[in-house]
Amino acid sequence: MNQIKKKQQDVLGFLEANKIGFEEKDIAANEENRKWMRENVPENNRPATGYPLPPQIFNESQYRGDYDAFFEARENNAVYAFLGLTAPPGSKEAEAQAKQQA
């Protein structure tokens, strides 16, 4: 399995396991999706040469980050914040936020 597929499966598996709704957009088979992704990844998040590689993560049309940013957020129990979502009560992330605010 290539690296891109592995990273995509990692992100999708996490979203599914945590019952976070998502829409997967295929950029290999769909020119419109590919064009949209390339146009909506912010300039400072694009590679110096070539195009940004999937997976790229958005909340609606708001760019949230690439796989490395997702992975780092997951390691820090901050995926909901990374995705621009509210952490569900009782989750490690919600507990961590509550401690920070206390």
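Residues numbered from 1 in each chain as written. Predicted model: local features only at pLDDT ≥ 70, side-chain atom pairs only at ≥ 80, totals over all residues. Heavy atoms only, no water.

Q: How should I be thinking about the overall build of the protein in this particular structure?
A: Helix and strand counts for the protein come out as 5 helices and 2 strands. Reading the helices (α) and strands (β) of the protein from amino to carboxyl end gives α-α-β-β-α-α-α. The principal-axis extents of the C-alpha atoms in the protein amount to approximately 45 × 30 × 25 Å. Looking at the protein residue by residue over its 102 residues, the buried ones come to 28%. Contacts spanning at least 24 positions in sequence make up 31% of the contacts within the protein whose residues lie at least 6 apart. Summing over all exposed atoms, the protein offers an accessible surface of approximately 7300 Å²; the carbon and sulfur share of this is 47%. (Helix = DSSP H or I, 4+ residues; strand = E, 2+ residues; numbered from the N terminus. Buried < 20%, exposed > 50% of the residue type's maximum accessible area, 1.4 Å probe, protein only. Contact = heavy atoms within 4.5 Å. Areas by Shrake-Rupley, 256 points an atom, 1.4 Å probe, with all protein chains shown as cover.)

Q: Would you take a moment to explain the pairing of strand 2 (residues 62–66) for this structure?
A: Two faces, one strand: in a regular strand the side chains alternate between the faces of the sheet. Taken together, the 4 bridges between strand 1 (residues 56–59) and strand 2 define a ladder with antiparallel strand orientation. Bridge assignment links asparagine 59 to a residue of strand 2, and that residue is glutamine 62. The turn joining strand 1 and strand 2, which pair antiparallel and follow one another in sequence, is formed by 2 residues; a positive phi near 55° is taken by glutamate 60. (Pairing = 2+ DSSP bridges.)

Q: Even after reading the chapter, I still don't get the pattern of salt bridges, so can you show me in this structure?
A: When the charged atoms of two side chains lie near each other, side chains of opposite charge can form a pair. Tallying each qualifying case throughout the model produces 5 salt bridges. The salt bridge partner of arginine 74 is aspartate 10, with a shortest N-O separation of 3.0 Å. Here arginine 74 is found in helix 3 (residues 67–75), whereas its partner aspartate 10 is found in helix 1 (residues 3–17), with 64 residues between them in sequence. Residue aspartate 10 is classed as partly exposed on the basis of its relative accessible area, which comes to 25%. With a shortest N-O distance of 2.5 Å, arginine 34 and glutamate 31 are connected by a salt bridge. Linking arginine 34 with glutamate 31, this pair stays in helix 2 (residues 31–40), spanning 3 residues, or about one helical turn. In this structure glutamate 31 comes out as partly exposed when scored by relative accessible area, which is 45%. (Salt bridge = Lys/Arg side-chain N within 4 Å of Asp/Glu carboxyl O.)

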